[in-house]
Amino acid sequence: MLETIKYIKEAIKLAHKNLKTNDGWPFGAVIVKDWKIIGRWRNMVISHSDPTAHAEVQAIRNACKKLWEHHLDWCEIYTSCEPCPMCLWAIYRAHISKIYYADTQEDAAKIGFDDNFIYEELSTPKSKRKIPMKQINHKEALKVFQKWTNKKDKEIY
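Conventions and cut-offs
- Residues numbered from 1 in each chain as written.
- Predicted model: local features only at pLDDT ≥ 70, side-chain atom pairs only at ≥ 80, totals over all residues.
- Heavy atoms only, no water.
- Helix = DSSP H or I, 4+ residues; strand = E, 2+ residues; numbered from the N terminus.
- Expected span 1.5 Å × (residues − 1).
- Contact = heavy atoms within 4.5 Å.
- Buried < 20%, exposed > 50% of the residue type's maximum accessible area, 1.4 Å probe, protein only.
- Pairing = 2+ DSSP bridges.
- Right-handed = clockwise from strand over helix to strand, strands pointing away.
- Phe/Tyr/Trp six-rings, centres within 6.5 Å; stacked < 30°, edge-to-face > 60°.
- Axes fitted to C-alpha atoms, helices over the stretch in contact; angles between N-to-C directions.

Draft legend 1. Representation of helix α3 (residues 55-67) within the structure. Here α3 is 13 residues long and its end C-alpha atoms lie 18 Å apart, about the 18 Å a rise of 1.5 Å per residue gives. In this structure, the buried side of α3 is in contact with β1 (28-33), β2 (36-42), α2 (45-48), β3 (75-81) and α4 (85-93). At the exit of α3 stands tryptophan 68, carrying a positive phi of roughly 55 degrees.

Draft legend 2. Here's a closer look at the pairing of β3. For β3, the tally of buried residues reaches seven of seven residues, placing the bulk of the element in the interior. Examined bridge by bridge, β1 and β3 share five bridges and lie antiparallel to one another. Residue alanine 29 lies in a different strand from β3, and its bridge partner there is threonine 79. Of the pairings in the sheet, the one linking β3 to strand β4 (residues 98-103) comprises five bridges and is parallel in character. Within β4, the position partnered with cysteine 81 by the bridge is aspartate 103. Crossover connection from β3 via α4 to parallel β4: handedness right-handed.

Draft legend 3. Representation of unusual backbone geometry in the model. Positive phi values are uncommon outside glycine, yet asparagine 22 reaches one of about 60 degrees. Within the secondary structure, asparagine 22 sits in the loop between α1 (2-21) and β1. Residue asparagine 22 is classed as exposed on the basis of its relative accessible area of 54%. We note that asparagine 137 has phi near 55 degrees; this positive angle belongs to a residue other than glycine. As for its placement among the helices and strands, asparagine 137 is situated in the loop between α6 (116-122) and α7 (138-150).

Draft legend 4. Quick peek at the packing of aromatic side chains. According to the stated counting rule, one finds five aromatic pairs in the structure shown. Measuring from ring centre to ring centre gives 6.3 Å for tyrosine 7 and tryptophan 35, while their planes differ by 20 degrees; the resulting arrangement is stacked. Taken together, the residues tyrosine 7 in helix α1 and tryptophan 35 in the loop between β1 and β2 connect sequence positions 28 residues apart. The exposure class of tyrosine 7 is buried, given its relative accessible area of 1%. Its relative accessible area of 52% is what places tryptophan 35 among the exposed residues. Between tyrosine 78 and tyrosine 100 the ring centres are 4.6 Å apart and the planes differ by 5 degrees, which places this aromatic pair in the stacked class. Here tyrosine 100 lies in strand β4 and tyrosine 78 lies in strand β3, a separation of 22 residues in the sequence. For tyrosine 100, a relative accessible area of 25% puts it in the partly exposed group. Members of the aromatic cluster, each reached through a chain of ring pairs, are Tyr7, Trp35, Tyr78 and Tyr100.

Draft legend 5. Here's a closer look at the sheet that holds β1. Overall, mixed pairing links the four strands, which are arranged β2-β1-β3-β4 in an open sheet. Two strands bound the open sheet, and with one partner strand each, they are β2 and β4. Between one strand axis and the next, the sheet turns through 15 degrees on average, direction left out of account. With six bridges joining them, β1 and β2 adopt antiparallel strand pairing.

So, in structure tokens, the structure goes:
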């Protein structure tokens, strides 16, 4: 348990750094494998002009680059706050085995980082979402998927 506290404190320390730098919102993340930090980052949305530069996504990128892997099996992520929908998707896509977090979604909403509208949009039919979605050129795009299905040297993730 002492190790987990050490790693969550590191994530909180990274979040705290943004109070001084204004690089992004106060979020930090650390990825650990075999009790060693292999990835760490903080929210850099503002300094990178990138809405996807959340701490968890950046830490995943950092760890994958370090390990030269696109899967982070057997890794754990420690975040200063419960992951937003985008970060949670990235964590699942990276195959991270466990998530530890400090603050909750509700805590984040209280400081203005409220993702409830995204959860609501995901459960709303496509035709009624706030950002209109229209499918076009399905036949042509489907041909690429069909070729992928038959491809012999593809790598599945």
